[in-house]
Amino acid sequence: MSREELEKKSMAALLGIASAWYDQMKAGEIPSISLPTRTKYNIEFDDASEVWKYGDRESMRTAASAKSATHLLKMAYVIGFIKQQLTENRSSTLREMYYISEGWKRAKFSAQDESNFLIEDLEILSEVPREGFHLHPEENGASIYGPMRIREETRRGMKTIHCQDDVGQAGYTIPNNVENIEFVDHNAKFVIAIETGGMYDRLIENGFDEEFNAILVHLKGQPARSTRRMLNRISSTWDLPVLVFTDGDPWSYRIFASVAYGAIKSAHMSELLATPRSQFLGLQPSDIRDYNLPSDKLTEKDVEALNAELTDPRFATDYWKKQIIFQIDMGLKSEQQAFAARGLDFVTKKYLPERLCEMGII
């Protein structure tokens, strides 16, 4: 969908929400909206798209109470704000919109989490990503380094960039909106999405990208939407395997889940943001034992998180159940860079080649 088509769809959808409220009031009804319940108990696997989406459970927001009426008032203000942005061809960050609401009197937000959540409501209701509202987060996406060529729209026109030859050691920085990027060609066999900057730098310094024709993506922890969208587009455009390489703890497994299956709070955008064919590369709980890696004891919160993942449908496979139960019994967690205890080349010369061979990637 072109930028113009996306903007047109955004405007029509948002005005449609406001128009529905008007019709409800004109008919003597209390204005209301219905939205999916956003919990792990209301996500279902969609066989057609191979991603997790919201199920049939819904919650009603109605102006029958002062609290709910205020929520709808805030949504009306946000719709008006987005309409103005689209009309004037301007954009803003989520943080800027939060501060702008200071002038909305009773409709102002008490915290940015509240305004972010409302934008997600509008994405669900309109079936349009926030990029179509000309809204973007404060931070950019992460970085890419590897044998791929892209064409990006800039102020001076289209620019072609090779993500090895035309970038520095940090790689190409993924912009907020990756829809303006054209994928030209590549010479890659697979993609590794890496949680930490230290491991990303290690693989580049050791020439892993050149030796194995790998595209390396630094996730910067929990990946931004633009990073997840970039992985989705690379996978779907070039049909390349995507491997996710994280620390060996429950919070890092959720990073993998957000890349492969989509985050629970953005399940309405899973087809755009999730890469369903992603595979977990490591660090596996069993690796801590097999490679005798330096480790830390699981905290009480770690154990709670692991037990929660045992009931999370995104981890409902024999592989994950076995690994999670093993980690709980072992009582240990470890970081990617713990491999350095075996030597700076160990992860690129032994662990990754062996693991990728075991997975049938190389």
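Criteria and thresholds
- Residues numbered from 1 in each chain as written.
- Predicted model: local features only at pLDDT ≥ 70, side-chain atom pairs only at ≥ 80, totals over all residues.
- Heavy atoms only, no water.
- Helix = DSSP H or I, 4+ residues; strand = E, 2+ residues; numbered from the N terminus.
- Rg over C-alpha atoms; globule rule 2.2 N^0.38 Å.
- Contact = heavy atoms within 4.5 Å.
- Areas by Shrake-Rupley, 256 points an atom, 1.4 Å probe, with all protein chains shown as cover.
- Axes fitted to C-alpha atoms, helices over the stretch in contact; angles between N-to-C directions.
- Parallel < 35°, antiparallel > 145°, perpendicular 65-115°, else oblique.
- Nonpolar A, V, L, I, M, F, W, Y, C, P; charged D, E, K, R; others polar.
- Core = buried A, V, L, I, M, F, W, Y, C linked by side-chain atoms within 4.5 Å.
- Buried < 20%, exposed > 50% of the residue type's maximum accessible area, 1.4 Å probe, protein only.
- Pairing = 2+ DSSP bridges.
- Salt bridge = Lys/Arg side-chain N within 4 Å of Asp/Glu carboxyl O.
- Expected span 1.5 Å × (residues − 1).
- Bend = angle between axes of the 7 residues up to and from the residue.
- Phe/Tyr/Trp six-rings, centres within 6.5 Å; stacked < 30°, edge-to-face > 60°.

(A) Structural view of the overall build of the protein chain. The number of helices and strands found in the protein chain is 13 helices and 17 strands. Relative to a compact globule of 362 residues, whose C-alpha radius of gyration would be 21 Å, the protein chain shows 22 Å and is just as compact. Of all intrachain contacts in the protein chain linking residues separated by at least 6 positions in sequence, the fraction that spans at least 24 positions is 73%. Carbon and sulfur atoms provide 48% of the accessible area of the protein chain, an area that totals close to 17400 Å².

(B) Quick look at the packing of helix H5 (residues 197–205) against helix H13 (residues 346–358). At a closest axis distance of 9 Å, the pairing of H5 and H13 adopts a crossing angle of 100°. It follows from the interaxial angle that H5 and H13 lie roughly perpendicular. Taking contact as the criterion, the partners of Met199, Arg202 and Leu203 in H5 are, on H13, Val347, Thr348 and Leu352. Considering only residue class, the contact of H5 with H13 consists of 4 nonpolar, 1 polar and 1 charged.

(C) Main features of the nonpolar core. Met148, Phe208 and Met230 are the most contacted members of the largest nonpolar core, which has 65 residues in total. With 6 residues, helix H8 (residues 250–260) is the single largest residue contributor to this core. Each residue touching Met148, except ones within four places of it in the same chain, is listed here: Ile161, His162, Cys163, Phe183, Asp185, His186, Ile215, Met230, Ile234 and Trp238. Core analysis: the second largest hydrophobic core is formed by 28 residues, Trp21, Leu35, Ile79 and Ile124 among them.

(D) The sheet that holds strand E12 (residues 190–194), seen in detail. A sheet is described by the order of its strands in space; here 6 strands give the open sequence E10-E7-E13-E12-E14-E15, paired in mixed fashion. Two strands bound the open sheet, and with one partner strand each, they are strand E10 (172–173) and strand E15 (279–282). Bridge count for E12 against strand E14 (residues 242–245) is 4 bridges, and the pairing is parallel. Bridge assignment links Ile192 to a residue of E14, and that residue is Leu243.

(E) Broad picture of the pattern of salt bridges. In total, this model carries 14 salt bridges according to the counting rule given. The closest approach of N and O atoms between Glu114 and Lys74, which form a salt bridge, is 2.5 Å. Taken together, the residues span a long stretch of sequence, with Glu114 in helix H4 (residues 112–126) and Lys74 in helix H2 (residues 66–88) at a distance of 40 residues. Judged by relative accessible area, Lys74 falls into the buried class, the value being 9%.

(F) Representation of H13. When the terminal C-alpha atoms of H13 are compared, their 17 Å separation across 13 residues agrees well with the 18 Å that a helix rising 1.5 Å per residue should span. Considering bend angle alone, the principal kink of H13 is centred on Leu352 and spans about 30°; proline Pro353 follows within four residues of it. Phe346, Val347, Thr348, Tyr351, Leu352, Pro353, Arg355 and Leu356 are the residues of H13 that are buried. Where H13 terminates, the next one or two residues include Gly360, which has phi positive at roughly 80°.

(G) Seen up close, helix H12 (residues 318–330). Given a rise of 1.5 Å per residue, 13 residues ought to cover 18 Å, and the 18 Å separating the end C-alpha atoms of H12 matches this to within 8%. Looking one or two residues past H12, Gly331 carries a phi angle of roughly 75°, positive in sign.

(H) The sheet that holds strand E9 (residues 157–162), seen in detail. If you walk across this open sheet you meet the 3 strands as E9-E8-E11, and the pairing is antiparallel. Looking at strand neighbours, the two that pair on one side only are E9 and strand E11 (181–186), the edges of this open sheet. Across the sheet, the mean angle from the axis of one strand to that of its neighbour is 20°, orientation sign disregarded. As defined by bridge partners, strand E8 (residues 148–154) adjoins E11 across 5 bridges and the pair is classed as antiparallel. Among the inter-strand pairings, Ile150 is bridged to a residue of E11, identified as Phe183. Where helix H7 (residues 225–238) meets the sheet, its contacts fall on E8 and E11, and the angle it forms with E11 comes to roughly 50°.

(I) Fine view of the packing of aromatic side chains. Scanning the entire structure with this criterion turns up 21 aromatic pairs. When the centroid spacing of 5.4 Å and the interplanar angle of 80° are considered together, the rings of Tyr291 and Tyr351 count as edge-to-face. With Tyr291 in the loop between helix H10 (285–290) and strand E16 (296–297) and Tyr351 in helix H13, this residue pair connects regions lying 60 residues apart in the sequence. Judged by its relative accessible area of 13%, Tyr291 is buried. Grouping aromatic residues by their ring pairs yields a cluster made of Tyr253, Phe256, Tyr261, Phe280, Phe315, Tyr319 and Trp320.

(J) Molecular detail of the environment of Phe280. By the secondary structure assignment, Phe280 is in strand E15. Accessibility expressed as a relative area gives 5% for Phe280, which makes it buried. C-alpha separation for the pair Phe280 and Ala193, spaced 87 residues apart in sequence, amounts to 9.8 Å. When neighbours within four sequence positions are excluded, Phe280 is seen to be in contact with Val244, Thr246, Tyr253, Phe256, Tyr319, Trp320, Arg355 and Met359.

(K) Structural context of the environment of Lys297. Assignment of secondary structure puts Lys297 in strand E16. In this structure, the C-alpha to C-alpha distance between Lys297 and Ser252, residues 45 residues apart in sequence, is 16 Å. With sequence-adjacent residues up to four places away left out, Lys297 is seen in contact with Asp302, Gly331, Leu332 and Lys333.

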